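A structural walkthrough
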Amino acid sequence: MEKSMMDQDILKVLYTEEEIAQRIREMGRQMYEDLKDKEPLFVSVLRGAFIFMADIVRACQVRCDVEFIAVSSYGNATSTSGAVQITHDIQQDISGRHLVVIEDILDSGNTLHFLKQYFLTKGAASVTICTLLDKPSRRTKAIHADYVGFEVPDEFVVGYGLDYAQKYRNLPYIGVLKPEVYTK
Ligand code: PRP
């Protein structure tokens, strides 16, 4: 494929489209074995996880339903402000349900720490966490993902749902953004 305008802002590719697809197939198979008797509710955290959600639910052929929750904590900044706000909530009663929260990245842990408590308070029977990327070096909250696609270094990653200032989400691969893009 011809290099796009967005590709020119990428320092290096961390995971190609094919590598991501392969890893998601593996995760989906594992999750199927673990979840097949639970009729889980998959909850995608918008916006970053929208692409991963679409792929992981098809890779994990359990009987399930899907929901979406939107939270905001970063705005256009590159590091978290700490406060998590729900800007769109799930639309059904989750009491007694086994939730699988789908995230694109687990960074400080702030978002998932908040959401796990939130769902348990609302009566979820269990909250399982599935994240495509994990950046453990940045963790400030005690939170652990049950399923991790890739552990990533502390670099500014974009693509496959992940943004910088709401852009680059539609890159099919995951790459590191050139520092001059976010420091100018
Ligand atoms: C990103 C990402 C996670 C969160 C992870 O969301 O999608 O939800 O940050 O970071 P944390 O572990 O430090 O909380 P962001 O607020 O950038 O919004 P987005 O999903 O719309 O990109």
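Scroll up a little and you will see the structure.
Residues numbered from 1 in each chain as written. Predicted model: local features only at pLDDT ≥ 70, side-chain atom pairs only at ≥ 80, totals over all residues. Heavy atoms only, no water.

1. Quick word on the sheet that holds strand β9 (residues 174–177)
- As summarised here, the arrangement of the 3 strands in space is β1-β9-β8, forming an open sheet in which the pairing is antiparallel. Of all strands in the sheet, those bounded by a partner on one side alone are β1 (10–15) and β8 (157–158).
- Bridge analysis of β1 against β9 gives 4 bridges, and the strand direction is antiparallel. By the bridge assignment, Y15 is partnered in β9 with I174. (Pairing = 2+ DSSP bridges. Helix = DSSP H or I, 4+ residues; strand = E, 2+ residues; numbered from the N terminus.)

2. Looking at the environment of R47
- Along the chain, R47 falls in the loop between β2 (41–46) and α2 (50–59).
- Linking R47 and R169, residues 122 residues apart in sequence, is a C-alpha distance of 9.2 Å.
- There is a polar contact of 3.0 Å between the side chain of R47 and the side chain of Q166. (Polar contact = N/O pair within 3.5 Å; in protein donor to acceptor, adjacent residues only side chain to side chain.)

3. Some thoughts on the pairing of strand β5 (residues 98–106)
- Taking burial as the measure, the 9 residues of β5 include 8 buried ones, the bulk of the element.
- Both β2 and β5 contribute to a ladder of 4 bridges, which runs parallel. Paired with V43 across the bridge in β5 is V101.
- Bridge analysis of β5 against strand β6 (residues 126–134) gives 8 bridges, and the strand direction is parallel. By the bridge assignment, V100 is partnered in β6 with T128.
- Handedness of the crossover joining β5 and β6 through helix α3 (residues 110–121) is recorded here as right-handed. (Buried < 20%, exposed > 50% of the residue type's maximum accessible area, 1.4 Å probe, protein only. Right-handed = clockwise from strand over helix to strand, strands pointing away.)

4. Notes on the pattern of salt bridges
- Going through the model one piece at a time under the given rule, you end up with 12 salt bridges.
- The partner of D107 in a salt bridge is K135, with the nearest N and O atoms 3.9 Å apart. Note that D107 is positioned in the loop between β5 and α3 and K135 in the loop between β6 and β7 (147–151), a separation of 28 residues in sequence. Each member of the pair, D107 as well as K135, is classed as buried. (Salt bridge = Lys/Arg side-chain N within 4 Å of Asp/Glu carboxyl O.)

5. Quick word on helix α1 (residues 17–35)
- A rise of 1.5 Å per residue sets the reference length of α1, with its 19 residues, at 27 Å; its end C-alpha atoms lie 26 Å apart and thus fit the reference within 8%.
- When we look at burial in α1, the residues that qualify are I20, I24, M27, G28, M31 and L35. Along the axis of α1, the buried positions cluster into a sector of 110°, meaning they face one direction only. α1 presents E18 and R29 as exposed residues on the side facing more than 90 degrees away from its buried surface. (Expected span 1.5 Å × (residues − 1). Arc of directions from axis to C-beta.)

6. Thoughts on the state of the cysteines
- Under the counting rule described, the total for this entry stands at 0 disulfides.
- Free of any disulfide, C64 has its nearest neighbouring cysteine sulfur in C60, separated by 7.1 Å.
- We classify C64 as partly exposed; its relative accessible area is 29%.
- C60 supplies the cysteine sulfur nearest to C130, a cysteine that is in no disulfide, at a spacing of 8.7 Å. (Disulfide = S-S within 2.5 Å.)

7. Some thoughts on the packing of aromatic side chains
- Taken as a whole and assessed by the stated rule, the structure comprises 6 aromatic pairs.
- Their ring planes at 10° and their centres at 6.0 Å tell us that F114 and Y118 sit as a pair that is stacked. With F114 and Y118 both in helix α3 and 4 residues apart, this pair spans about one turn of that helix.
- Judged by its relative accessible area of 30%, F114 falls in the partly exposed class.
- Each residue in the set F114, Y118 and F119 is aromatic and connected to the rest through ring pairs, giving one cluster. (Phe/Tyr/Trp six-rings, centres within 6.5 Å; stacked < 30°, edge-to-face > 60°.)

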